[in-house]
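Letter by letter, the chains look like this.
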Amino acid sequence: MITRFDDGLPRLCEFISEEFGAELLSRSAILRDAGGRLSIVLPERKAESELERLALKLSGALGAYARPDGAIVDSEYPGAQRLLDEAGRRPTTTVGSFSVKLLDRRIVGSDWLRPPAAARGKAPRIVFASLKGGVGRSTALCVAAAHLSRKGRRVLTIDFDLEAPGIGSMLLDVHELPEFGMLDYLVEAGLSNIDDEFITELTGDSFLGAAGARVSVIPAIGRRTLEHPENALAKIARAYLDVPQENDPPKTITDQLADLLARYDSLGAYDVVLIDGRSGLHETTASLVLGIGAEVLLFGLDQPQTYQGYRLLMGQLSQYRADASDDWRDRISFVHAKAADSVEARDDAASKFQALLNPLMLRPQVEGLPKERLTENDFDLDWQDTAEVPEEDLLEGQVLYVLEDTRYRQFDPVADRKMLDARSYSSTFSSLLDYIDSIAIEPSSDDAEDQQA
């Protein structure tokens, strides 16, 4: 039987468990190289003859997915302790019934290996993401920016879709387009100094601010790139590169985005940050979903390809533990885009979106809980040892919706600013805007506004 990629890791785990037991497997370091070939470092010394015999046997089981030299080594192998130490710092990966430490070497996509970052920043960060284009993601961001501005919130919007920019042309008049954009920031961060002057030239003020609080925009493409379009693809080719550090690991695109957000956070100039992502499971999607501690809105139509794509994403996310003090799963919400007026149809779609969260719900381990086990003596009630609390009750994933509205098919608020008038969008986007309010506007502020009204 030919071993394929999906077979390799489970077969290695079963093999090692049968030979040495699951406990030793859990303390070992499994290495998957950039080509997908597997090897394992055992944390205990073994006889050389035994290792050679088992390595030959494992190679037969894994085929092309076994490392040709040293498929099984022990703690005495050169460099083995360094790998064991590195694995010890990594979160556990679940492979069938096994919990293992996996060092997954990737040339691209390494940011998908990061565990979700904790919520951070003084200003809430809200990510608008999707797996496919044409779902109204950027339109929804513009509506949210207009809504928050009218509520008196200073808004920073960022276009992180470098290859299909949109926010800049939607929210900025031509003469307000800043000198630089996110593309320039990522290129310059790798080579030159990002000083205060550059930061100033990275944002433009949107016309939305005329009807409320300030709305600033960091477009994907700035004026400089539009004046030199021949350099655009050359910049994109370099924007995703890691930035070498003298004494630290290289900075990935996630690190660079986090640095930029921290810089704006320190200025205290904004109350909320809205970020538009690129469609698909791109490296930049990992930055937004995992890397910046943001509230994540995942947009999609009620179509089979939507659910199929998001099952892949949830499969990756299910590998990460939750922290009892900051459960990243609570920050994941789906937005049913272009939803029908029918309540029954929306409820049906909501159940499908909700089901996508099942892999996250089935993850039982929550870090940060007290180590002491409570007993029936700790509670003044009848204790039932067999009672189980449904995980669904502990994790209620949110499913929002945006109604189908033909007026927004040709969305160009620069030319037709009535499209971002509250009377135009309030009913279509009400479900989403209620959620935005719950994140970006404090209840005390709502009370104050109600009293003023």
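Residues numbered from 1 in each chain as written. Predicted model: local features only at pLDDT ≥ 70, side-chain atom pairs only at ≥ 80, totals over all residues. Heavy atoms only, no water.

1. Points about the pairing of strand S9 (residues 215-218)
Side chains Val215 and Val217 of S9 all project onto a buried face; the interleaved residues Ser216 and Ile218 project onto the opposite face, where all are buried too. Of the strand pairs in this sheet, strand S8 (residues 204-205) and S9 are connected by 2 bridges, and their pairing is antiparallel. Within the sheet, the bridge partner assigned to Asp205 lies in S9 and is Ser216. (Buried < 20%, exposed > 50% of the residue type's maximum accessible area, 1.4 Å probe, protein only. Helix = DSSP H or I, 4+ residues; strand = E, 2+ residues; numbered from the N terminus. Pairing = 2+ DSSP bridges.)

2. Examining the sheet that holds strand S10 (residues 272-276)
One open sheet holds the 8 strands; their spatial order is S8-S9-S7-S10-S6-S11-S13-S15, and the pairing between them is mixed. Since the sheet does not close on itself, it has two edges, and those belong to S8 and strand S15 (398-403), each with one partner. Packed on one face of the sheet, helix H13 (residues 304-317) meets strand S6 (125-130), strand S11 (295-300) and strand S13 (332-339) and runs near 155° to S11. (Contact = heavy atoms within 4.5 Å. Axes fitted to C-alpha atoms, helices over the stretch in contact; angles between N-to-C directions.)

3. Some thoughts on the pattern of salt bridges
Tallied over the entire structure, the rule returns 29 salt bridges. Of the charged contacts in the structure, one is a salt bridge between Lys235 and Asp184, with a shortest N-O distance of 2.7 Å. Taken together, the residues span a long stretch of sequence, with Lys235 in helix H10 (residues 232-239) and Asp184 in helix H7 (residues 182-189) at a distance of 51 residues. For Lys235, a relative accessible area of 16% corresponds to the buried category. On the basis of relative accessibility, which here comes to 4%, the residue Asp184 falls in the buried class. Via salt bridges that share partners, Glu23, Arg27, Glu44 and Lys46 belong to a single interconnected network. (Salt bridge = Lys/Arg side-chain N within 4 Å of Asp/Glu carboxyl O.)

4. Some words on the packing of helix H11 (residues 253-267) against helix H12 (residues 283-290)
Two elements in contact, H11 and H12, have axes whose closest approach is 9 Å; the angle formed by their N-to-C orientations is 45°. Considering the angle they form, H11 stands oblique to H12. Where H11 crosses over H12, the handedness of that crossing is right-handed. The segment H11 lies against H12, with Ile253, Thr254 and Leu257 engaging Glu283, Thr284, Ser287 and Leu288. For the contact of H11 with H12, the per-class residue count stands at 3 nonpolar, 3 polar and 1 charged. (Parallel < 35°, antiparallel > 145°, perpendicular 65-115°, else oblique. Left-handed = near helix turned anticlockwise from the far one by under 90°. Nonpolar A, V, L, I, M, F, W, Y, C, P; charged D, E, K, R; others polar.)

5. A short note on the pairing of S6
Regular strands place their side chains on alternate faces of the sheet. Along S6, 6 of the 6 residues are buried, which leaves the element largely enclosed by surrounding structure. Strand direction decides the pairing type here: S6 and S10, joined by 4 bridges, are parallel. Looking at S10, one finds that Phe128 is bridged to Asp276. Both S6 and S11 contribute to a ladder of 5 bridges, which runs parallel. When the sheet's bridge partners are listed, Ile126 is paired in S11 with Glu295.

6. Regarding the confidence of the model for the chain
When the pLDDT values of the chain are averaged, the result is 87; 89% of them are 70 or greater. Low pLDDT, under 50, characterises residues 367-395; the stretch is placed with 19 contacts to residues that sit more than four places away or in other chains. (pLDDT = per-residue confidence, 0-100.)

7. Structural notes on the side chain of Ser130
Take Ser130: it is sitting in strand S6. Separated by 2.8 Å, the side chain of Ser130 and the backbone oxygen of Lys132 make a polar contact. Once you skip the residues sitting within four places of it in the chain, Ser130 turns out to touch Val135, Arg137, Arg278, Ser279, Gly280, Phe299 and Tyr310. (Polar contact = N/O pair within 3.5 Å; in protein donor to acceptor, adjacent residues only side chain to side chain.)

8. Remarks on H11
Spanning 15 residues, H11 covers 22 Å between terminal C-alpha atoms, matching the ideal 21 Å at 1.5 Å per step. Residues of H11 that are buried include every one of Ile253, Thr254, Asp255, Gln256, Leu257, Ala258, Leu260, Leu261, Tyr264 and Asp265, and no others. (Expected span 1.5 Å × (residues − 1).)

9. Looking at the packing of aromatic side chains
Scanning the entire structure with this criterion turns up 9 aromatic pairs. Seen in terms of ring centroids, Tyr307 and Phe353 are 5.1 Å apart; in terms of plane orientation they differ by 65°. Their pairing is edge-to-face. Highlighted residues: Tyr307 in helix H13 and Phe353 in helix H14 (residues 343-355), separated in sequence by 46 residues. Taken individually, Tyr307 and Phe353 each receive the classification buried, so the pair is uniform in this respect. For the pair Tyr408 and Phe411, a centre-to-centre distance of 5.9 Å together with 35° between the ring planes defines the contact as tilted. A residue is classified by how much of its surface remains accessible, and Tyr408, at 11% relative accessible area, is buried. The structure contains a cluster of three or more aromatic residues connected by ring pairs, namely Tyr307, Tyr310, Phe334 and Phe353. Sitting above the plane of the Tyr401 ring, Arg346 keeps its charged end 4.2 Å from the centroid. In this structure, Arg417 is placed above the aromatic ring of Phe207, and the distance from its NZ or CZ to the ring centre is 4.2 Å. (Phe/Tyr/Trp six-rings, centres within 6.5 Å; stacked < 30°, edge-to-face > 60°. Lys NZ or Arg CZ within 6 Å of the ring centre and 35° of its normal.)

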